[in-house]
Structures are given as structure tokens and as C-alpha cells.
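An overview of the molecular structure
Given next are the chains, with one letter for each unit.
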Amino acid sequence: LIHYAKGHKLAPAEGIAQAIELVRTYNCTHLCVEITSLNLWVAEPYRQALSESGLACEFVEVNARGDKHMRIATLAPWYGAHKILHNMAATQQLEQQLRDFPYSQLVDVSDAAGHITGVLSLLNFTPQPVTPIEQQQSTRMPIPMGGGFMYVPKDNVRADIKESYI
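Section: the nonpolar core
- By size, the foremost hydrophobic cluster in this structure holds 17 residues, and its most contacted members are Leu31, Val33, Tyr46, Leu50, Cys57 and Phe59.
- Counting 14 residues, the second-largest nonpolar core is a separate cluster that includes Ile84, Leu94, Val109 and Leu120.

Details of helix H1 (residues 12-26)
- With 15 residues, H1 ought to run about 21 Å at 1.5 Å a step, and its terminal C-alpha atoms sit 21 Å apart, in line with that.
- Where H1 is concerned, the buried positions are Gly15, Ile16, Ala19, Ile20, Leu22, Val23 and Tyr26. Seen along its axis, H1 keeps its buried residues to an arc of 160°; they face one direction.
- Count one or two residues on from H1 and you reach Asn27, which has phi positive near 55°.

So, the pattern of salt bridges
- Counted according to the given criterion, the structure contains five salt bridges.
- Here Glu44 and Arg47 are joined by a salt bridge, their closest N and O atoms 3.1 Å apart. Residue Glu44 and its partner Arg47 are both found in helix H2 (residues 39-53); the two are separated by three residues, about one turn of the helix.
- Note on Glu44: relative accessible area 36%, which makes it partly exposed.

Describing unusual backbone geometry
- Across the junction of Phe101 and Pro102, the peptide omega takes the value 10°, indicating a cis bond.
- By secondary structure assignment, the location of Pro102 is in the loop between helix H5 (92-100) and helix H6 (108-114).
- Phi angles above zero are rare outside glycine, and Asn27 is one such case at about 55°.
- Considering the arrangement of structural elements, one finds Asn27 in the loop between H1 and strand S1 (28-35).

What to know about the packing of aromatic side chains
- Applying the stated criterion across every chain, the model contains one aromatic pair.
- On the basis of an interplanar angle of 25° and a centroid distance of 6.5 Å, the ring pair of Tyr46 and Phe59 is categorised as stacked. Of the two residues, Tyr46 sits in helix H2 while Phe59 sits in strand S2 (residues 58-63), which places them 13 residues apart along the sequence.

Details of H2
- Along its 15 residues, H2 runs 21 Å from first to last C-alpha, staying within 8% of the 21 Å computed at 1.5 Å per residue.
- Where H2 is concerned, the buried positions are Ala43, Tyr46, Ala49 and Leu50. The buried residues of H2 all sit within an arc of 135° when viewed along its axis, so they share a single face. More than 90 degrees from the buried face of H2, the exposed residues found are Leu40, Trp41, Ser51 and Glu52.

Concerning the packing of H1 against H2
- The interhelical angle for the contact between H1 and H2, taken along N-to-C directions, is 45°, at an axis separation of 10 Å. As far as their axial angle goes, H2 and H1 are oblique. The element H1 and its partner H2 pack so that their crossing is right-handed. Of the residues in H2, those touching H1 at Gly15, Ile16, Ala19, Ile20 and Arg24 are Pro45, Tyr46, Ala49, Leu50 and Ser53.
- For the contact of H1 with H2, the class distribution of residues is seven nonpolar, two polar and one charged.

Rules used in this analysis
- Residues numbered from 1 in each chain as written.
- Predicted model: local features only at pLDDT ≥ 70, side-chain atom pairs only at ≥ 80, totals over all residues.
- Heavy atoms only, no water.
- Core = buried A, V, L, I, M, F, W, Y, C linked by side-chain atoms within 4.5 Å.
- Buried < 20%, exposed > 50% of the residue type's maximum accessible area, 1.4 Å probe, protein only.
- Helix = DSSP H or I, 4+ residues; strand = E, 2+ residues; numbered from the N terminus.
- Expected span 1.5 Å × (residues − 1).
- Arc of directions from axis to C-beta.
- Salt bridge = Lys/Arg side-chain N within 4 Å of Asp/Glu carboxyl O.
- Phe/Tyr/Trp six-rings, centres within 6.5 Å; stacked < 30°, edge-to-face > 60°.
- Axes fitted to C-alpha atoms, helices over the stretch in contact; angles between N-to-C directions.
- Parallel < 35°, antiparallel > 145°, perpendicular 65-115°, else oblique.
- Left-handed = near helix turned anticlockwise from the far one by under 90°.
- Contact = heavy atoms within 4.5 Å.
- Nonpolar A, V, L, I, M, F, W, Y, C, P; charged D, E, K, R; others polar.

Read these as spatial facts, not as claims about activity.
What follows is the structure, encoded as C-alpha cells:
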């Protein structure tokens, strides 16, 4: 279930503040951040902010594996099996990039979503095919975030969720 996906430029402090706010808003159990060769410079500010926030949320480093287009392509079977839902009101950039794939000029949001398969494997989590959200009161699903962030909520049930098949 993708609650929020947006690609925009933020200063590092703004990105960290937004990540902590989304963890708080969605009551997340994990905060996953894409790490490149500068992992200490990227990871430590997030760990520190998470620690200072007092939130019970595990920090997970996600390595940028392979090519962006390959990561995005790994989502196709998941969408085909209806294992991913979108909050249509907050994922317009993601939907547009996935519709235009592989010809989209921008792939930042869809690339972040492409990390879903790797993170779920890392967390030993296997989502089952979803049915309408009203029937999924206890399902836990991933939330990708532009810029390589991902939030895994404790409770994803919200009235504004609609199914989206791409």
C-alpha cells in the first residue's frame, strides 16, 4: 500500500524532518533510506533524528543495487499480482512515471518504489495479493517515498485508499 510518493528537492535537514514526520504520521516500524558510497554521511543524521524523536522505529540502510530501470522493472509482477495498492490522491507522480516507463524522463519516484522488492526481502516480508482495503484491516504493506526513502507502517488502513492497477 503506497500512501505517499512524491519527488521533490529538499535540503538535507528538510528531508530528514519530513522522513521523521512521515514515520510519526503513519506509525512506521521501519525507516529505510537508500545509501550510496557516502553511507555514514547519509545514515547518521537519520539515525540521530530518529533517536531524538523517541519513535519506536528501526532504521534500515538500503543499498542502491543494480540499474534504476531494473529496480523499477521488478515491480511489474507485483502490480500484476495486485500486491501493491496506491493512495490515488498522493501518488500521482509515481503513477505517471510508471505509466511512462521505460520512456519517462524522470524516474526518481518510481526508482524509490523499485526498492520495495529488495526491502521486503531484507525484512523477510511477503505480502499476499490484496483485496479491497475494507477487507484488509490488519495487513501491513510498504510505503515508498521519493528520494529513496521507504516507510513501513504498523497500520495502513485509511478511508482515502483506492486501488490502482498499472
